[in-house]
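# Analysis of the macromolecular model
Spelled out from the first residue to the last, the chains are:
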Amino acid sequence: MKSFGSSKEFLLDENQEWEVLGGGIKRKIMGYDDKIMLVKVHFEEGAIGYEHEHHHSQATYAIDGEWEFTIGGVTKTVKDGDSVYIPPHVLHGAKCTKAGILIDVFSPIREDFME
């Protein structure tokens, strides 16, 4: 695994730029080292995080908004204050039914987000 070092100790939201991913989704990397990564993700209503899998453990917290999350073939509504855990190599995705923000935590770092 390539080393990316670590982020600054203070990453103020106002100083972090959104990376527009398209399809009504954008993200900000809010802190990392090679073992962990925190990412703020904004979804517009109707935006889809298509089903995918990766070798990272993922925990996601919904700040606000609402999603239909599918993890390992099970679909549930996730809204502000809810969280999900996604084990490594489990197929998952989400459709946003009310615009909002998710906080994703990955371990180890998502190398693909750094390139």
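Each chain carries its own residue numbering, running from 1 in the direction its sequence is written. Reporting of local features is limited, given that this is a predicted model, to residues whose pLDDT is at least 70; pairs of side-chain atoms are given and counted only at 80 or more, and all residues count toward the totals for whole chains, interfaces and linings. Based on all heavy atoms of the structure, the side-chain values leave hydrogens and waters out of the count.

The name recorded for the protein chain in an unreviewed UniProt entry is Cupin domain-containing protein, from Winogradskyella rapida.

### What about the pairing of strand β6 (residues 74-79)?
Note the cut-off: Note: two strands are recorded as paired if DSSP finds a minimum of 2 bridges between them. Only DSSP runs of H or I covering at least 4 residues are called helices, and only runs of E covering at least 2 are called strands; the numbering of each starts at the N terminus.
Here strand β5 (residues 57-71) runs beside β6; their pairing, made up of six bridges, is antiparallel. The residue bridging T70 from the neighbouring strand is T75, located in β6. Hairpin remark: β5 followed by β6, antiparallel, with two residues in the connecting loop; positive phi at G72, about 55°.

### A look at the UniProt feature "domain: Cupin type-2" (unreviewed entry) in the protein chain
The criterion, for reference: UniProt positions are given in the numbering used here, feature names are shortened, and annotations may be inferred rather than shown by experiment.
In the UniProt entry, the feature "domain: Cupin type-2" (unreviewed entry) is given for residues 41-99. Helix makes up 0% of residues 41-99 and strand 69%. Its end C-alpha atoms lie 11 Å apart.

### Focus on the layout of surface pockets
Gaps between atoms show up when a probe of the same size as a water molecule is rolled over them. How we decide: Site definitions follow a grid-based scheme: protein atoms alone, a 1 Å grid, a 1.4 Å probe that fits but cannot get out for cavities, and for pockets an open set with protein on both sides within 12 Å along at least five of seven lines, plus lining residues having an atom within 4 Å of a point. Grid points are joined across faces, edges and corners, and a volume is the space filled by probe spheres set on the points. Any residue outside Ala, Val, Leu, Ile, Met, Phe, Trp, Tyr, Cys, Pro, Asp, Glu, Lys and Arg is labelled polar, Gly included; the first ten of those are nonpolar and the last four are charged.
Estimates place the volume of the largest pocket at around 410 Å³. If one sorts the elements of the lining of the largest pocket by residue count, strand β8 (residues 92-107) sits on top with six residues. Classifying every residue of the lining of the largest pocket by side-chain character gives twelve nonpolar, nine polar and three charged.

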